[in-house]
Amino acid sequence: MVGRLDRPGRFERGTSAEVAGHTGGVLDIDFNPFDDSMFASASEDTTIKLWSIPDDWEPTDEKGLAQKGENLNESLVDLIGHRKKVTLLRFHPSAGNVLGSSSSDYTVKVWDVEKGEEISSFSEFGDLIQDIVWDVRGDAMAVSCKDKIVRIMDPRAGSVASTIDTPHEGLKGIKLTYLGETGKILTVGGSKQSAREMKIWDLKNLSAPLSSETIDNASGTLLPLYDNDSQVLYLGGKGDGIIRPYEFEDKKPYLHRLNDGFRSTSPAKGICMVPKRGLDVMSCETARLLKLTNNDGVHPLRFTVPRKSDAFQDDIFPDCPAPKPAHSADEWVGGSSCLPVTMSLNPRDRKNENGAAAPKKKFRTMATVSKELDEAKARISYLEKKLTEAGISY
């Protein structure tokens, strides 16, 4: 199901329009950071599909009730290369149409989705891959694995640059997030005593953590979400009803608990963060998390800073990543290194060129191309016949 962010509502199977094309269960999706209508999906059928949502897509009406619509069954691109189910997808943060993926075949691949080609592949993992994350520039990719090793990879070459051996001794899944351009990375996992913990590491010296903090003894996997603009870490977890916010500072003790965060009796199945340009900045909404529950849909969780003024608060809303790639896939493969293009969140400046969306790539489905090819062949045959009838050689 795909819906509008500004129009939450109730979806109904068989009534609301759906995106359907995989022959197996969908295990992960990721939206293109430079095209809000495009996303990639990973499936148990071993394929990755790229989809484009039509501009007139309306699965719910103005009252939030389900309305009839045509399903989207035709993908733009199918990426085929993994031998087993595809588990994770991550778009590149600054290069257009570059996608990272992981699979149960113990491989991580990087794709050029515009060409439908594989850029690099790495297969020297000893077990299932638990997480993949890009750094801010997209020059490195951190990968956690069930063998308890975190590998820092060169995604262009598909090789390992450095490793963190056993960052967490417990059996819980290890999740990762880069802490901006500070040269630090945060890992979350379990201790030998099965307590949930998080650690901060210096990428220049991975022999020992800079900081370590025990969270609790719950059983679910922790899910870290880092807001690079405000330097705030939101820490949730599978099976949890709590979201814990921390402020990161690039000096000891590194993390400061902000408040009690969000508490609910409804456990989370998954959590993601809405891009900054989708927030209500005039209500001082600094973050919005989408919490997937088991039986109660998706809950939007809004985090706001209380301010009395109705003016735009530039101190809490610095420039954020814009829907505009800093370089192309070919430029990135060739060694280009760029921070994401940024834009102002001030409503008065949103129409400036710096914040304007990049022109959309004109992707066409295989069925559309095949139809155009058949029409072209028919036209060529017709013209050849006419030339023959006129006695003109060609």
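Residues numbered from 1 in each chain as written. Predicted model: local features only at pLDDT ≥ 70, side-chain atom pairs only at ≥ 80, totals over all residues. Heavy atoms only, no water.

**Q** What is the right way to read the sheet that holds strand 12 (residues 159-165) from this model?
**A** Within a sheet, adjacent strands bond to each other through the backbone by hydrogen bonds, running parallel or antiparallel. Pairing is antiparallel across the open sheet formed by 4 strands, whose spatial order is 9-10-11-12. Here the strands that pair on one side only, and so sit at the sheet edges, are strand 9 (129-134) and strand 12. Within the sheet, the average angular offset between the axes of one strand and its neighbour, ignoring direction, is 20°. One ladder, built from 5 bridges, connects strand 9 with strand 10 (residues 141-145); its direction is antiparallel. The residue bridging Val133 from the neighbouring strand is Ala142, located in strand 10. (Pairing = 2+ DSSP bridges. Helix = DSSP H or I, 4+ residues; strand = E, 2+ residues; numbered from the N terminus. Axes fitted to C-alpha atoms, helices over the stretch in contact; angles between N-to-C directions.)

**Q** Would you mind going over the state of the cysteines with me for this structure?
**A** Among covalent bonds in proteins, the disulfide is the one between the sulfur atoms of two cysteines. Evaluation of the coordinates by the stated rule reveals 0 disulfides. Unpaired in this structure, Cys272 has its nearest cysteine sulfur neighbour in Cys320, at a distance of 16 Å. We note that Cys338 lacks a disulfide partner, and the nearest cysteine sulfur, in Cys320, lies 18 Å from it. Residue Cys338 is classed as partly exposed on the basis of its relative accessible area of 21%. (Disulfide = S-S within 2.5 Å. Buried < 20%, exposed > 50% of the residue type's maximum accessible area, 1.4 Å probe, protein only.)

**Q** Help me understand the side chain of Arg7 in this model?
**A** Within the fold, Arg7 resides in the segment before strand 1 (26-31). Side-chain polar atoms of Arg7 contact the side chain of Glu58, separated by 2.8 Å. In this structure the side chain of Arg7 is engaged in a polar contact, spanning 3.2 Å, whose partner is the backbone oxygen of Thr60. Ignoring sequence-local partners within four residues, the contact set of Arg7 consists of Glu58, Thr60, Asp61 and Glu62. (Polar contact = N/O pair within 3.5 Å; in protein donor to acceptor, adjacent residues only side chain to side chain. Contact = heavy atoms within 4.5 Å.)

**Q** Got a minute to help me understand the pattern of salt bridges in this structure?
**A** In the structure shown here, the tally under the stated rule is 26 salt bridges. With a shortest N-O distance of 2.7 Å, Glu58 and Arg4 are connected by a salt bridge. Here the residue Glu58 occupies a position in the loop between strand 3 (47-52) and strand 4 (77-80), and Arg4 occupies one in the segment before strand 1, the gap between them amounting to 54 residues. Given a relative accessible area of 31%, Arg4 falls into the partly exposed group. Each member of the salt-bridge network shares a partner with another, and the members are Arg4, Asp6, Arg7 and Glu58. (Salt bridge = Lys/Arg side-chain N within 4 Å of Asp/Glu carboxyl O.)

**Q** What is the right way to read the environment of Thr166 from this model?
**A** Assignment of secondary structure puts Thr166 in the loop between strand 12 and strand 13 (175-178). Taking the C-alpha atoms as reference points, Thr166 and Ile149, 17 residues apart in sequence, are found 5.4 Å from one another.

**Q** What am I meant to see in the packing of aromatic side chains here?
**A** The geometry of two aromatic rings is summed up by the distance between their centres and the angle between their planes. For the coordinates displayed, the defined rule picks out 6 aromatic pairs. The interplanar angle of 85° and the centroid separation of 5.1 Å between the aromatic rings of Phe122 and Phe125 together place this pair among those described as edge-to-face. An identical accessibility class is assigned to Phe122 and Phe125; each is buried. Centroid distance Trp134 to Trp332: 5.9 Å. Interplanar angle 80°. Geometry classified as edge-to-face. Separated by 198 residues along the polypeptide, Trp134 in strand 9 and Trp332 in helix 1 (residues 329-333) bring together distant segments of the chain. Residue Trp332 is classed as buried on the basis of its relative accessible area of 0%. (Phe/Tyr/Trp six-rings, centres within 6.5 Å; stacked < 30°, edge-to-face > 60°.)

**Q** Explanation requested: unusual backbone geometry in the structure shown.
**A** For residues other than glycine, phi is negative in most cases, and the peptide bonds are mostly trans. The omega torsion across Lys252 and Pro253 is 0°, close enough to zero to call that bond cis. Structurally, Pro253 is set in the loop between strand 19 (242-248) and strand 20 (255-257). Positive phi outside glycine occurs at Asn97, with the angle close to 60°. Taking the relative accessible area as the measure of exposure, Asn97 reaches 8% and is therefore buried. We note that Lys148 has phi near 70°; this positive angle belongs to a residue other than glycine. Tracing the sequence through the fold places Lys148 in the loop between strand 10 and strand 11 (149-154).

**Q** Just to check I follow, could you spell out the pairing of strand 14 (residues 184-190) for this structure?
**A** Within a regular beta strand, the side chains point alternately toward one face of the sheet and then the other, so they alternate between its two faces. Counting buried positions along strand 14 yields 7 of 7 residues, so the element is predominantly enclosed. Side chains Lys184, Leu186, Val188 and Gly190 of strand 14 all project onto a buried face; the interleaved residues Ile185, Thr187 and Gly189 project onto the opposite face, where all are buried too. With 4 bridges connecting them, strand 13 and strand 14 associate as antiparallel partners. Following the sheet pairing, Thr177 is matched in strand 14 by Leu186.

**Q** Would you explain the sheet that holds strand 13 in this entry?
**A** Read from one edge of the open sheet, 4 strands run 13-14-15-16, paired in antiparallel fashion. The open sheet terminates on both sides in strands that have one partner only, identified here as strand 13 and strand 16 (211-216). With strand direction ignored, the average angle separating the axes of adjacent strands in the sheet is 20°.

**Q** How should the nonpolar core be read in this particular structure?
**A** Generally speaking, nonpolar side chains in soluble globular proteins are found buried as a group. Core analysis: the largest hydrophobic core is formed by 16 residues, its most contacted members being Val98, Val108, Phe125, Ile132, Met141 and Val143. For this core, the elements supplying multiple residues, two or more each, are strand 7 (108-112), strand 9, strand 10 and helix 1. Among residues more than four places away in sequence, those in contact with Val143 are Val108, Phe125, Ile129, Asp131, Ile132, Ile149, Val150, Arg151, Met153 and Leu176. (Core = buried A, V, L, I, M, F, W, Y, C linked by side-chain atoms within 4.5 Å.)

**Q** I tried to follow the environment of Lys49 on my own but got confused; where do I start?
**A** Mapped onto the elements, Lys49 comes out in strand 3. In this structure the C-alpha to C-alpha distance between Lys49 and Lys148, which are 99 residues apart in sequence, comes to 30 Å. With residues up to four places along the chain from it excluded, the contact list for Lys49 reads Gly21, His22, Phe39, Ala40, Ser41, Ser75, Val77 and Asp78. A polar contact is formed between the side chain of Lys49 and the side chain of Asp78, at a distance of 2.9 Å.

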